[in-house]
Amino acid sequence: MIITAGVIFALIAMVGWGFGDFFIQKSARKSGDWETLFIITFFGALALTPFVYHEIPALFSFNKSLWIMFLASAILFFAALLDFEALKKGKLDVVEPIWSLEIPISAFLAFLIVRESVSILQVSLIIFLIVGLALVSFKSKVFSKKVYFEKGVLIAALAATLMGAANFFVGYGSRATNALMMNWFLNTFMAVFSFAFIIYTSNFGKMLKHFKTEKKTWLSMSIFDNIAWIAFAFSMTLSPIAITVALSESYIIIAVLLGVFVNKELLHSHQKIGLMIAIASALVLATTIA
């Protein structure tokens, strides 16, 4: 069994997002969405500046790479806002399974724009992985057709579509420039706009007060989330985009396991089955990249 560098980076992203979301949830509940978004992106931009500062002047040439990075950042920014709105209006066990749509959206764009294809075996494994992730995310005991009419479903579907597009363009931008530059631009873009909103809503003072009580949570989520995005971008430059997205989106597995072992949550039978399907599919998929 051979594990390539691209797969290793994708798995690092998976673990990083799994732990990162655990701390992001804690922060969002106490500090709010905009503060959480600003802290993560400001930390990322600040940490990456020493590694990319010599490349920043080249951005003012307004070449193709700049527009790709700008497009990726704008799409991801709006996708994040829609994710927050979906979580506010919808139930978590309804919204989370829909987010698995990110995987086929990213794969479709990779095929359409860069003519990147995957084998029939890889497609089959990705489908099994999506099914497994959907099952493990659905926390209710009984599935009802009424789920399609739940609040937040349409918003979550739109968010997943935009996030799938953002995933692709982050990979596309990383290939056009490099993984660190893509992440620096992404973080800077989102930090500026989220900070502007915090100032506009007169919440800067509140954020400073939260810093005293939430700094450990903020530091943890910023480290894990930024490591995940950097690893994700590196993986995109080394492996097929569809497979990278599929493996990294398996962070839901980490989030569920954290819920079981840390928060003592219980899983329903279909979640246990979904967890086994997702883990097995991810492990086999990871070995299919030559």
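Each value, and the rule that gives it
Along each chain, residue indices are assigned from 1 in the same order as the chain's sequence is written. Given that the model is predicted, a residue must reach a pLDDT of at least 70 before its local features are reported, and side-chain atom pairs must reach 80 or more before they are shown or counted; all residues, however, enter totals for whole chains, interfaces and linings. For the side-chain quantities, the full set of heavy atoms in the structure was used; hydrogens and water were omitted. Nonpolar side chains (Val, Leu, Ile, Met, Phe, Trp, Tyr) are joined into patches within 5 Å and like charges within 9 Å, using only residues with over 30% relative accessible area and no salt bridge. Areas reported here follow the Shrake-Rupley algorithm with a probe of radius 1.4 Å; residue values treat only the protein chains shown as occluding. A side-chain nitrogen of Lys or Arg and a carboxyl oxygen of Asp or Glu constitute a salt bridge if their distance falls within 4 Å. Only runs of H or I of at least four residues qualify as helices and only runs of E of at least two qualify as strands under DSSP, and these elements are numbered from the N terminus. Classification of residues uses two cut-offs on accessible area relative to the type maximum, computed with a 1.4 Å probe and protein chains only: under 20% is buried, over 50% is exposed, and between them is partly exposed. In what follows, a contact means two residues having at least one pair of non-hydrogen atoms within 4.5 Å. Only Phe, Tyr and Trp rings take part, Trp by its six-membered ring, and two of them pair if their centres are within 6.5 Å. Stacked means planes under 30 degrees apart, edge-to-face means over 60, and tilted covers everything else. Helix axes are fitted to C-alpha atoms over the stretch in contact, other axes to C-alpha atoms as well, and angles between N-to-C directions run from 0 to 180 degrees. If an angle is under 35 degrees, it is roughly parallel; if it is over 145, roughly antiparallel; if it lies from 65 to 115, roughly perpendicular; otherwise it is oblique. The crossing is said to be left-handed when, going from far helix to near helix, the turn is anticlockwise and less than a right angle, and right-handed when the turn is clockwise. Under the scheme applied, nonpolar residues are Ala, Val, Leu, Ile, Met, Phe, Trp, Tyr, Cys and Pro; charged residues are Asp, Glu, Lys and Arg; polar residues are all the others, including Gly. pLDDT runs from 0 to 100 and stands for how confident the predictor is about each residue. One fewer than the residue count of a helix, multiplied by 1.5 Å, yields its expected span. Only buried Ala, Val, Leu, Ile, Met, Phe, Trp, Tyr and Cys residues count toward a nonpolar core, and they belong to the same one when joined by side-chain atoms within 4.5 Å. Polar contact is the term for a pair of N or O atoms within 3.5 Å; when the atoms are in protein, one must be able to donate a hydrogen and the other to accept it, and sequence-neighboring residues count only if both atoms are side-chain atoms.

How would you sum up a nonpolar patch on the surface? Please name residues and give values.
Taken together, the side chains of Ile8, Ile12, Leu219, Ile223 and Ile227 present a nonpolar region at the surface, about 400 Å² in accessible area. The set of elements that each furnish at least two residues to the nonpolar patch consists of helix H1 (5–31) and helix H9 (204–238). It is H9 that contributes the most residues to the nonpolar patch, three residues altogether.

Could you give an account of the environment of Ile130, naming the residues involved and the relevant values?
Within the secondary structure layout, Ile130 lies in helix H6 (residues 120–137). According to the relative accessible area criterion, Ile130 is partly exposed, its value standing at 22%. Each C-alpha atom of the pair Ile130 and Ile98 lies 9.9 Å from the other, and the pair is 32 residues apart in sequence. Those residues within four positions of Ile130 in sequence are excluded, and the remaining contacts are Ser100, Ile103 and Pro104.

Give me the lowdown on the packing of aromatic side chains, citing residues and values where you can.
The tally for this structure, following the rule as stated, stands at 21 aromatic pairs. On the basis of an interplanar angle of 20 degrees and a centroid distance of 5.3 Å, the ring pair of Phe19 and Phe224 is categorised as stacked. A residue pair is termed long-range when its members are at least 10 positions apart, and Phe19 in helix H1 and Phe224 in helix H9 qualify at 205 residues. Judged by relative accessible area, Phe19 falls into the partly exposed class, the value being 29%. Arranged with centres 5.8 Å apart and planes meeting at 90 degrees, the rings of Phe195 and Phe204 form a pair that is edge-to-face.

Tell me what's going on with the environment of Trp17, and back it up with residues and numbers.
Examined against the element boundaries, Trp17 turns out to sit in helix H1. Looking at Trp17, the relative accessible area reads 7%, which means it is buried. What Trp17 contacts, discounting residues up to four positions off in sequence, is Asp225, Ala228, Trp229, Phe232, Ser248 and Tyr251.

Give a description of the packing of helix H2 (residues 33–52) against helix H8 (residues 179–200) that names residues and reports values.
Two quantities define a packed helix pair, namely the angle between the helix axes and the distance between the axes. As a packed pair, H2 and H8 sit with axes 7 Å apart at the nearest point and diverge in direction by 140 degrees. The pairing of H2 with H8 is recorded here as oblique in orientation. In the crossing of H2 with H8, the sense of the turn from one axis to the other is left-handed. Residue composition of the contact of H2 with H8, by class: 18 nonpolar, seven polar and one charged.

Describe unusual backbone geometry, with residues and values.
Positive phi, normally seen in glycine, also occurs at Arg115, with a value near 55 degrees. Given the relative accessible area of 60%, Arg115 is considered exposed. One non-glycine residue, Ser202, lies in the positive phi region at around 60 degrees. By the secondary structure assignment, Ser202 is in the loop between H8 and H9. For Ser202, a relative accessible area of 64% translates into the label exposed.

Explain the confidence of the model for the chain residue by residue, including any values.
Of all residues in the chain, 87% have pLDDT values of 70 or greater, and the mean over the chain is 83. Mean pLDDT across the secondary structure elements of the chain bottoms out at helix H4 (residues 92–98), with 61, and peaks at H8, with 95.

Mind laying out H2, listing which residues take part and the relevant values?
Working note: α-helix, 3.6 residues per turn, so residues spaced by three or four point in the same direction. The terminal C-alpha atoms of H2, which comprises 20 residues, lie 28 Å apart, in line with the 28 Å expected from a rise of 1.5 Å per residue. Within H2 the residues assigned to the buried category are Asp33, Glu35, Thr36, Leu37, Phe38, Ile39, Ile40, Thr41, Gly44, Ala45, Leu48 and Val52.

Summarise the nonpolar core; cite the residues concerned and give the values.
Core analysis: the largest hydrophobic core is formed by 76 residues, its most contacted members being Leu59, Trp184, Met190, Phe232, Leu247 and Leu285. Counting six residues, the second-largest nonpolar core is a separate cluster that includes Ile98, Trp99, Ala156 and Ala160.

Provide a residue-level description of the pattern of salt bridges, including the pertinent values.
Considering all chains together, one arrives at one salt bridge under this definition. Here Glu116 makes a salt bridge to Arg175, at a shortest N to O gap of 3.0 Å. On the criterion of sequence distance, the pair formed by Glu116 in the loop between helix H5 (102–114) and H6 and Arg175 in helix H7 (residues 153–176) is long-range, its members being 59 residues apart. Relative accessible area serves as the criterion here: at 35%, Arg175 is assigned to the partly exposed category.

Quick one: what's the story with the side chain of Ser194, residue by residue and with numbers?
Inspection of the secondary structure puts Ser194 in helix H8. From its side chain, Ser194 meets the backbone oxygen of Met190 in a polar contact 2.7 Å long. Reaching out from Ser194, the side chain makes a polar contact with the backbone oxygen of Ala191 at a distance of 3.2 Å. Not counting residues up to four positions away in its chain, the partners in contact with Ser194 are Trp34, Leu37, Phe38, Thr41 and Phe77.

Quick rundown of H1? Include the residues and the values.
Given a rise of 1.5 Å per residue, 27 residues ought to cover 39 Å, and the 37 Å separating the end C-alpha atoms of H1 matches this to within 8%. Phi turns positive, to about 100 degrees, at Gly32, one or two residues after H1.

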